[in-house]
Amino acid sequence: MTLKQIARKLFLIAILMFSIGVFVVRNRTLVAQNNPFSQYKCDIPVTYAVGTVDQRFGVSQEKFVSLMQEAEQKWESALGRDVFRFESNGRVKVNLVFDDRQSTTESLKKIMTDIDTGKEKTDQLASNYESLRTQLEQKKKVFETQATEYGKSAKAYEGAVQNYQADLKKYSQEVERWNAQGGATEEAYNDLLKEKKKLDAQLKDLKKQESDLLSLHNTLQKKQTELNDLVAKVNATAGTINQIAGKTNSKVSDYNQTQEDRGEFETGLYTNDRGTESIDVFQFFDDQDLLAILIHEMGHALGMEHTENQSAIMYPKLINQSVAITADDLALFQTTCVR
Ligand SMILES: [Zn+2]
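A short tour of the structure in this document, coming up. (Residues numbered from 1 in each chain as written. Predicted model: local features only at pLDDT ≥ 70, side-chain atom pairs only at ≥ 80, totals over all residues. Heavy atoms only, no water.)

1. Regarding helix α1 (residues 61–79)
To keep things clear, this is the line we draw: Only DSSP runs of H or I reaching four residues or more are called helices, and only runs of E reaching two or more are called strands; each is numbered from the N terminus. Here a helix's expected span is defined as the number of its residues, less one, multiplied by 1.5 Å. Throughout, exposure labels follow a simple rule: accessible area from a 1.4 Å probe, protein chains only, divided by the maximum for the residue type, with under 20% read as buried, over 50% as exposed, and the rest as partly exposed.
The first and last C-alpha atoms of α1 sit 27 Å apart over 19 residues, in line with the 27 Å expected at 1.5 Å per residue. Taken residue by residue, α1 has Phe64, Val65, Leu67, Met68, Ala71, Glu72, Trp75, Glu76 and Leu79 as its buried positions. The first or second residue beyond α1 is Gly80, which carries a positive phi of 70°.

As structure tokens, this is what we get:
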């Protein structure tokens, strides 16, 4: 009556290492040309119109006009006066000029979308992973408790088997001893019968214990299979997370590298070529970005130059997408108007 030892397997769980860092370099230079033909632009509103809009920007005419009007509004509400007027034949032509700057930005936007998707996926999987691990820990605990119980019962059973075997040996020796003497006395015979009954009862009990142990053994084996399946699932989830995180991280590197490679560049330009005024916009990430560029370049159309204050809209670099017109911008406007 040998009982099998249940093999204990080690639960190996892959260590998750996903750190996704997005470092976005977004310094863009806004370059203004000095306007030698500058004139007072404070009393008569500057008229502007849509010039050439390259369809590759994916911005509709209506959207473009509404953003220009929003830029106008920003200036006018800050200044408290009418300084711009949108006219179909306006003097300053506002153009969307498509080249590798915007096409690079489109590639970056695509990478960014992939990064966001990757992050969403890893977040979802990480939450699955956590719940699977919790489930695993709970099941492991139950399994271990039952396995300990099984071990105790098995030991008790082995002890009972040994006792039974010792009692049986004693009984057999007694029977042999009496047989050698040609038979037992009636009293001894009755004692032996009693002893035999006791032994039979012991054996019956042992068989019951054995069957209980076997059934517990089967239950434990089933649970262990379940546990191993769960471990495989946990590990597979971790593997998938690491794989997606790795791909996402490499996209983050691509993104950062592309940003670093192109460095600073012009996103918008106001020019006045012998009275022909235009604003060219070369690159923007989104509407807010485009609006910030329009406000800045329209400031140049008012005759304003740059300021050193980083938070001002007339600062030469677009550091964040702030579209706020600051006290510094207003002071600049005053200086521009009285010169
Ligand atoms: Zn500028």
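2. Structural notes on the packing of aromatic side chains
Centre-to-centre distance and the angle between the planes together describe a pair of aromatic rings. As a reminder, the rule being used: Note on aromatic contacts: the rings of Phe and Tyr and the six-membered ring of Trp form a pair at centre separations within 6.5 Å, being stacked when their planes are under 30 degrees apart, edge-to-face when over 60 apart, and tilted otherwise. Lysine NZ or arginine CZ positioned within 6 Å of the ring centre and within 35 degrees of the ring normal marks a charge as sitting over the ring.
For the structure on display, the rule yields four aromatic pairs. With a centroid separation of 6.1 Å and 85° between ring planes, the pair formed by Tyr48 and Phe84 is classed as edge-to-face. A residue pair is termed long-range when its members are at least 10 positions apart, and Tyr48 in strand β2 (residues 46–53) and Phe84 in strand β3 (residues 84–86) qualify at 36 residues. Comparing Tyr48 with Phe84, the two get one shared label, buried. The ring of Phe282 carries the charged tip of Arg101 above its face, separated from the ring centre by 3.9 Å. Here the guanidinium or amino end of Arg177 rests over the ring plane of Trp178, the centre of that ring lying 5.2 Å away.

3. Let's talk about the packing of helix α2 (residues 100–180) against helix α3 (residues 186–262)
Under the convention used in this document: Here the axes come from fitting lines to C-alpha atoms, over the contacting stretch only for helices, and the angles between their N-to-C directions go from 0 to 180 degrees. Under this scheme an angle from 65 to 115 degrees is roughly perpendicular, one under 35 degrees roughly parallel, and one over 145 degrees roughly antiparallel; angles in between are oblique. Crossings are classed by handedness, with left-handed meaning an anticlockwise turn of the near helix from the far one by less than a right angle and right-handed meaning a clockwise turn.
Viewed as axis vectors pointing N to C, α2 and α3 meet at an angle of 165°, and their least axial separation amounts to 4 Å. Taken together, the axes of α2 and α3 are roughly antiparallel relative to one another. Handedness of the α2/α3 crossing: left-handed.

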